[in-house]
Amino acid sequence: MSDQPHLQVKDLSYRYEPEAPLALDGVSLVVPHGQFVAVLGHNGSGKSTLAKLLNGLFLPTEGQVTVSGMDTRDDGKVWDIRRTAGMVFQNPDNQLVATRVYDDVAFGLENIGVPSEEMPARIDEALKLTGMLEFADRAPHLLSGGQKQRVAIAGILAMHPEALILDEATAMLDPRGRKEVLDTVQRLNREQGITVVWITHFMQEAATAQRVLVMDHGKIAMDGTPREVFSQVERLRALRLDVPPMTHLAQLLRQRGVDIGMDVLSVDDMVKEVKRLCPSCLNS
Ligand code: ADP
Ligand code: MG
């Protein structure tokens with residue numbers, strides 16, 4: 001199972017209406033099991049459309065999408081696919097339905113017909129994995145945005161997914177909530193081997209991924225490691241995107257004649273460069 005590509009997209013096109021322009025235009029993509037891939041692209045470039053095709057919420061106008069070898073066009077596989085590739089959306093309030101965190105996670109399990117005696121263990125495990133176990137009896141609407149998203153993620157985890165697709169899941173959160181959710185998902189990827197498709201408009205989030213895809217006009221315009229993608233500043237600018245803040249700062253310093261490396265993506269990278277350039281500037 002695990003040597004076959006996890007998410008596979010072949011010559012995929014999608015239009016919302018018969019006469020509408022293509023929202024996705026000939027996209028091909030292979031995501032291996034366990035990969036953390038970030039997806040960038042300006043508004044309307046096709047990110048959300050791709051996300052909904054990846055878990056069978058939408059079906060291809062042309063081309064094919066398979067999830068763990070299951071074709072999303074196969075009627076009999078719809079629920080297997082949605083359970084295997086769970087989606088987290090932007091607005092946490094639209095994803096929580098119950099008046100207690102525990103019941104919210106239970107809701108999804110009831111929907112897929114998990115026997116009730118199996119539910120408590122699965123719910124506890126999912127809440128533990130997202131660091132929300134101590135909130136099991138709380139009312140979801142009283143939680144912070146980051147906590148709500150972690151409950152939404154727990155609801156999916158309880159279904160034992162193999163992939164998480166998060167469509168700007170941090171867009172409505174404050175910086176602390178954003179970090180909470182990203183840390184949680186990174187840990188699930190690392191420790192549980194869950195494949196992650198992380199759609200974001202925060203460059204510094206994409207900089208932490210194993211792979212970055214950039215979408216433009218319904219096509220994949222760039223595909224590489226964060227270093228490969230973010231070193232192409234002009235290309236990104238043409239696609240109306242930025243580079244991560246530390247990469248930008250490194251460029252400004254380079255323009256001023258500072259001999260700083262070309263591949264600074266994070267604060268840690270920047271600290272390394274400062275140490276290299278000025279060993280006496282930092283004492284740790
Ligand atoms: P992104 O998530 O990158 O902002 P979308 O996938 O939402 O982009 O949109 C891709 C294209 O599809 C855009 O041209 C958008 O206007 C169009 N589109 C998105 N949702 C709908 C919809 N529900 N009905 C019609 N067109 C849509
Ligand atoms: Mg979108």
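What the six strands build is an open sheet, ordered β6-β7-β8-β3-β9-β10; its pairing is mixed. At either end of the open sheet lies a strand with only one pairing partner, and these are β6 (85–88) and β10 (219–224). Ignoring which end each strand starts from, the neighbouring axes of this sheet average 20° apart. The pairing of strand β3 (residues 36–40) with strand β8 (residues 195–199) spans four bridges and is parallel.

What follows deals with the state of the cysteines. What the rule picks out here adds up to one disulfide. In this model Cys-278 forms its disulfide with Cys-281; the gap between the sulfur atoms is 1.7 Å. What sets the handedness of the Cys-278 and Cys-281 disulfide is the S-S torsion sign, and at about 80° it is right-handed. The exposure class of Cys-278 is partly exposed, given its relative accessible area of 21%. We classify Cys-281 as partly exposed; its relative accessible area is 47%.

On to the environment of Phe-58, then. The topology assignment puts Phe-58 in the loop between α1 (47–54) and β4 (62–67). Given the relative accessible area of 18%, Phe-58 is considered buried. Along the chain, Phe-58 and Val-97 lie 39 residues apart, while their C-alpha atoms are 23 Å from each other. If we ignore the near neighbours within four places in the chain, the residues touching Phe-58 are Tyr-14, Tyr-16, Thr-49, Lys-52 and Leu-53.

Before going further, it helps to spend a moment on the site of ligand 1. Around ligand 1, the surrounding shell consists of Tyr-16, Ala-23, His-42, Asn-43, Gly-44, Ser-45, Gly-46, Lys-47, Ser-48 and Thr-49. A distance of 3.1 Å separates an oxygen atom of ligand 1 from a polar atom in the backbone of Gly-46. The side chain of Lys-47 places a nitrogen or oxygen atom 2.7 Å from an oxygen atom of ligand 1. Alone, ligand 1 offers 560 Å² of accessible surface; in the complex the protein occludes 55% of this. Residues belonging to the shell around ligand 1 are distributed by class as follows: two nonpolar, seven polar and one charged.

Applying the stated criterion across every chain yields a total of eleven salt bridges. Put simply, Arg-150 and Glu-180 hold a salt bridge, and the shortest N to O gap is 2.6 Å. Here Arg-150, found in helix α5 (residues 145–157), pairs with Glu-180, found in helix α6 (residues 175–192); they are 30 residues apart in sequence, far enough to count as distant. Judged by its relative accessible area of 11%, Arg-150 falls in the buried class. If you follow the salt bridges from partner to partner, you end up with Arg-100, Asp-103 and Asp-137 in one network.

Time to look at the sheet that holds β4. Strand order in the open sheet formed by four strands is β2-β1-β4-β5, and the pairing between neighbours is antiparallel. A single partner strand is all that each edge strand has here, and the edge strands are β2 (24–31) and β5 (70–71). In the sheet, strand β1 (residues 7–14) pairs with β2 via five bridges, with the strands oriented antiparallel. Counterpart to Leu-7 in the pairing with β2 is Val-31. Here α1 sits on the sheet in contact with β1, β2 and β4, set at roughly 125° to β1.

This part is about the pairing of β10. Taken together, the five bridges between strand β9 (residues 211–216) and β10 define a ladder with antiparallel strand orientation. Pairing of Leu-213 across the sheet is with Asp-223, part of β10. As consecutive antiparallel partners, β9 and β10 are separated by two residues, and within that stretch His-217 has a phi angle of approximately 45°, a positive value.

Turning to the nonpolar core, a few remarks are in order. Formed by 54 residues in total, the largest nonpolar core has its most connected members in Ile-153, Leu-166, Val-214 and Phe-230. The contact partners of Val-214, leaving out residues within four places of it in the chain, are Leu-40, Lys-219, Ile-220, Ala-221, Met-222, Val-229, Leu-236, Leu-239 and Leu-241. Counting residues in each nonpolar core, the second largest holds 28 residues, with Val-27, Leu-29, Ile-165 and Leu-213 among its members.

The rules behind these values
- Residues numbered from 1 in each chain as written.
- Chains lettered and ligands numbered in written order.
- Predicted model: local features only at pLDDT ≥ 70, side-chain atom pairs only at ≥ 80, totals over all residues.
- Heavy atoms only, no water.
- Pairing = 2+ DSSP bridges.
- Helix = DSSP H or I, 4+ residues; strand = E, 2+ residues; numbered from the N terminus.
- Axes fitted to C-alpha atoms, helices over the stretch in contact; angles between N-to-C directions.
- Disulfide = S-S within 2.5 Å.
- Buried < 20%, exposed > 50% of the residue type's maximum accessible area, 1.4 Å probe, protein only.
- Contact = heavy atoms within 4.5 Å.
- Near = heavy atom within 4 Å.
- Polar contact = N/O pair within 3.5 Å; in protein donor to acceptor, adjacent residues only side chain to side chain.
- Areas by Shrake-Rupley, 256 points an atom, 1.4 Å probe, with all protein chains shown as cover.
- Nonpolar A, V, L, I, M, F, W, Y, C, P; charged D, E, K, R; others polar.
- Salt bridge = Lys/Arg side-chain N within 4 Å of Asp/Glu carboxyl O.
- Core = buried A, V, L, I, M, F, W, Y, C linked by side-chain atoms within 4.5 Å.

So yeah, pure geometry; function would need other evidence.
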